[in-house]
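What the coordinates show
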Amino acid sequence: MNIRTLAINGLLAAIYIAVSFVFQPIMFGVLQFRIPEMLNHLIIFNKKYIYGIVVGVFISNLFFSQLGAYDLIFGVGQSLIALLLVIFSSRFITGIKGRMAMTIFVFTLTMFLIAMELNIVLGVPFLWTWAITATGEFLVLLVGAPIIYIMNKRIHFGKLL
C-alpha cells in the first residue's frame, strides 16, 4: 500500500469515527441510524476504500458501542462481508447510480447479521430487529447516495487513490 492510499484511508477512517462520535446516541442499539454508513458508497469508486471504512467501523464499535466484543465481530464482519459483496457485484453493474442502488441493497440485506447480534446479546426478536436495522441502514444509504454522488463530481473519488 502506497503512502497516498494509506493517508486517504486514514482520513476516511477518521471521518467515520468523528461522525460516529457526533451521532453516537442514534447509532447503536435496536433502532439505529449509522450516519457514517453513507461512506460505504465510496467502495464503488475504488475498492481500496475498504481499508478506511473497515478501520473506521472497528474503532467506532470499539470505543462507542455498548455491545463490546460482539459488535467487533458482528458489526465489523457485516461491513466487511457487505463491502466485499459490493466489490464483487460492481464488476457486473455499469454506472454509478446502478452501483449505488446495489450497495444500498447489499448493505440492507446483510443487516441480518446485526439482527443476529442483537438477538443474541439483547434477546430481541430476530425478524423484527432485522426489519428495524435494515430500515435504518436503507434510509441512511438512500440519503447518502445523492450526497456522495454530488461530492464525487467535485472530488472524483475514483481518481483520488
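It should be emphasised that the depicted structure is a prediction, and the values quoted were computed from it without experimental measurement.

Here we take up the overall build of the protein. Of the regular secondary structure elements, the protein holds 7 helices and 0 strands. Going from N to C terminus, the protein has its helices and strands arranged as α-α-α-α-α-α-α. Taken against the 2.2 N^0.38 rule, which gives 15 Å for 161 residues, the C-alpha radius of gyration of the protein at 15 Å falls within 12% of a compact globule. The principal-axis extents of the C-alpha atoms in the protein amount to approximately 45 × 30 × 25 Å. Counting every position in the protein, which comprises 161 residues, the buried fraction comes to 47%. Look at the contacts in the protein between residues 6 or more apart in sequence, and 70% of them connect residues 24 or more apart. A total of about 8,300 Å² of accessible surface is found on the protein, and carbon and sulfur atoms cover 75% of it. Taken together, the 10 basic and 4 acidic charged side chains of the protein have centroids lying 23 Å from each other.

For the rest of this paragraph, the subject is the packing of helix α3 (residues 69-90) against helix α5 (residues 112-122). For the pair α3 and α5, interaxial distance at closest approach is 9 Å and the crossing angle is 170°. Comparing their axes, α5 and α3 come out roughly antiparallel. Mapping the contact onto sequence places Tyr 70, Asp 71, Phe 74, Gly 75, Gln 78 and Ile 81 in α3 and Leu 113, Ile 114, Met 116, Glu 117, Ile 120 and Val 121 in α5.

What counts and how
- Residues numbered from 1 in each chain as written.
- Predicted model: local features only at pLDDT ≥ 70, side-chain atom pairs only at ≥ 80, totals over all residues.
- Heavy atoms only, no water.
- Helix = DSSP H or I, 4+ residues; strand = E, 2+ residues; numbered from the N terminus.
- Rg over C-alpha atoms; globule rule 2.2 N^0.38 Å.
- Buried < 20%, exposed > 50% of the residue type's maximum accessible area, 1.4 Å probe, protein only.
- Contact = heavy atoms within 4.5 Å.
- Areas by Shrake-Rupley, 256 points an atom, 1.4 Å probe, with all protein chains shown as cover.
- Lys, Arg positive; Asp, Glu negative; His and termini not counted.
- Charge placed at Lys NZ, Arg CZ, Asp CG, Glu CD.
- Axes fitted to C-alpha atoms, helices over the stretch in contact; angles between N-to-C directions.
- Parallel < 35°, antiparallel > 145°, perpendicular 65-115°, else oblique.

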